[in-house]
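Structural overview
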Amino acid sequence: MILHYYFARRFIWSFLIITMILYSLVALVDLVDQTRKFGDLGVSFGQLVGLTLLNAPETVNQILPLIMILATIVLFVNFARTSELVATRAAGRSALSALMAPVAVAMLIGAFAVTMLNPIVAGTSSKYSQLTESYRSGGASTLSISSEGLWLRQGGETGQTVIRAWRSNQDASVLYDVTFLEYEPGTGPRRRVAAQSAALEEGAWMLTNAKEWPLAPGVNAEATSVTHERLRIPSTLTLEQIRESFGRPGSISIWALPDFIRQLDQAGFSSRQHRVWLQSELARPLFLMSMVLVASAFTMRHTRFGGTGLAVLAAVLLGFGLYFIRSFAQILGENGQIPVYLAAWAPPVASVMLALGLLLHAEDG
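Counting restarts for each chain: residues are numbered from 1 in the order of the written sequence. This being a predicted model, a pLDDT of at least 70 is required before a residue's local features are given, and a value of 80 or more before pairs of side-chain atoms are given or counted; all residues contribute to the totals for chains, interfaces and linings. Where side-chain values are given, they derive from all heavy atoms of the structure, hydrogens and water being excluded.

As a rule of thumb, nonpolar side chains are buried together in soluble globular proteins. To qualify as a nonpolar core, a set must consist of buried Ala, Val, Leu, Ile, Met, Phe, Trp, Tyr and Cys residues joined through side-chain atoms within 4.5 Å. For every residue, the accessible area (1.4 Å probe, protein chains only) is compared with the maximum for its type, and the residue is labelled buried under 20%, exposed over 50%, or partly exposed between those bounds. In terms of nonpolar packing, the biggest core is built from 42 residues, with Phe11 and Met68 touching the most fellow members. For this core, the elements supplying multiple residues, two or more each, are helix H1 (2-38), helix H3 (64-81), helix H6 (100-137), helix H10 (284-299), helix H11 (308-334) and helix H12 (340-364). Put simply, DSSP marks the helices as runs of H or I at least four residues long and the strands as runs of E at least two long, and each gets a number from the N terminus on. Broken down by element, the residue count for this core peaks at 10 residues, all from H3. The contact criterion used throughout is that any non-hydrogen atoms of two residues lie within 4.5 Å. With residues up to four places along the chain from it excluded, the contact list for Phe11 reads Met68, Ala71, Thr72, Leu75, Pro102, Val105, Ala106, Ile109 and Val292. Core analysis: the next-biggest nonpolar cluster, separate from the first, contains 18 residues, Ile163, Trp205, Leu207 and Ile233 among them.

This is the structure in structure tokens:
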């Protein structure tokens, strides 16, 4: 157990060092990118740093498999240079036995990433989206889905409009049983409009069978109501903005994702992308474990044999290849070409089997 604790401690230090280095690089590059995007909009340097701190965790979360590969390479290359692997093998420990501690740590890091890092990244990503929209247009446009239906808020120079619909078609271009409540800046509600349906077309909502109630003070709303067979309401929203609001499962905590999927199904949207994301997040600890096994299969060798640089390059390239296959399988799952569970779980399981095959071949020939 002392040897396992030693390997685990060394792997944790390698992981933390690589994480801090890559986070610093990611934050620096992202700060330059934020300056390029918002430097001409009057955004202060402090606000740019805030945007960077909100956006960088999502990038680090995405490159976590790369961090795991690099941490494993650093660990076993250092072991090979100090001949600690030779001493371990001389003591009767096999390669798989020496990997028990790093693999266990990788599983724990994966569990931490799913249960704690995922909600943190979801919160920072959501806040980052709100701030960037606010800096660009001055009025945020947001979407929310609950058991009471679909809620939208669009902003503009004339004020805010709150939109509620009971259901929608799958691409969010048409809302059904919809209500618009318009607010003027500093005065309050201006009018309420209810319609059978509303279609977003070229910068405006086209309402069908609509009824309009003015909400000015001292006015009888029902007596002055007007019925329209067709009514046009200007909008600052686009279909892309609406889809991005609910189409990015990474901005939703994994703890809230099952309820959100159920609400998407009730509202008429397709939840396949979110279901694939949920299963992929649950399979993440297994995929991170496979990254450790892949990297160790190429680097658990003594430096006197030579070819260390080539082995490191092969480990990184194979890790990138497995990550690409995993992403490709997710895309196929989101498009409905393969089942959800196959898209999420097949690449991690296949990666583990491939890495174990390489390790057994290197160990036993």
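Let us keep going from here.
Turning our attention to unusual backbone geometry. In most cases, non-glycine residues show a negative phi, while peptide bonds are predominantly trans. In this structure, Asp177 is a non-glycine residue whose phi angle is positive, near 50 degrees. For Asp177, the location among the structural elements is in strand E4 (residues 174-184). Unusually for a residue other than glycine, Asn209 sits at a positive phi of about 50 degrees. Mapped onto the secondary structure, Asn209 falls in strand E6 (residues 204-214).

A pairing counts as a salt bridge when a side-chain nitrogen of Lys or Arg comes within 4 Å of a carboxyl oxygen of Asp or Glu. All told, the structure shown has 9 salt bridges when counted by the stated rule. The salt bridge partner of Glu222 is Lys211, with a shortest N-O separation of 3.0 Å. Of this pair, Glu222 sits in the loop between E6 and strand E7 (226-234) while Lys211 sits in strand E6; the two residues are 11 residues apart in sequence, bridging distant segments of the chain. With a relative accessible area of 47%, Glu222 lands in the partly exposed category. The partner of Glu281 in a salt bridge is Arg284, and the shortest N-O contact between them spans 3.4 Å. Judged by relative accessible area, Arg284 falls into the buried class, the value being 8%. Salt bridges sharing partners connect three or more residues here, namely Glu182, Glu184, Arg190, Arg191 and Glu212.

Attention now moves to H11. Take the residue count of a helix, subtract one, and multiply by 1.5 Å to get its expected span. Counted at 1.5 Å a residue, the expected span for H11 with its 27 residues is 39 Å, and the 39 Å between its end C-alpha atoms agrees. Where H11 is concerned, the buried positions are Ala311, Ala315, Val316, Gly319, Leu322, Arg326, Ala329, Gln330, Leu332 and Gly333. Of the residues one or two after H11, Gly336 is the one with positive phi, at around 80 degrees.

Turning our attention to the packing of H3 against H10. In this analysis, axes come from line fits to C-alpha atoms, helices being fitted only over the stretch in contact, and the angle between any two N-to-C directions falls in the range 0 to 180 degrees. Across the interface, H3 lies against H10 with an axial gap of 8 Å and an inter-helix angle of 35 degrees. Seen along the crossing, H3 lies across H10 with a hand that is right-handed. Where H3 approaches H10, its residues Leu64, Pro65, Met68, Ile69, Thr72, Ile73, Phe76 and Val77 are matched on the opposing element by Arg284, Phe287, Leu288, Met291, Val292, Ala295, Ser296 and Thr299. Looking at the contact of H3 with H10 residue by residue, the class counts come to 12 nonpolar, 3 polar and 1 charged. By definition, turning the near helix anticlockwise from the far helix through less than a right angle yields a left-handed crossing, and turning it clockwise yields a right-handed one. Classes in brief: Ala, Val, Leu, Ile, Met, Phe, Trp, Tyr, Cys and Pro nonpolar; Asp, Glu, Lys and Arg charged; the others, Gly included, polar.

What follows concerns the environment of Lys127. Examined against the element boundaries, Lys127 turns out to sit in helix H6. Measuring from C-alpha to C-alpha, the distance between Lys127 and Leu54 comes to 7.3 Å, with 73 residues separating the pair along the chain.

Averaged over all residues, the pLDDT of the chain is 84; the fraction at 70 or higher stands at 89%. Think of pLDDT as the predictor's per-residue confidence, scored from 0 to 100. Mean pLDDT across the elements of the chain bottoms out in strand E1 (residues 142-146) (60) and peaks in helix H9 (residues 272-282) (92).

Below, the discussion takes up the environment of Phe324. Note on placement: Phe324 falls in helix H11. Judged by relative accessible area, which is 57%, Phe324 ranks as exposed. Separated by 23 residues in the primary sequence, Phe324 and Pro347 have C-alpha atoms spaced 9.8 Å apart.

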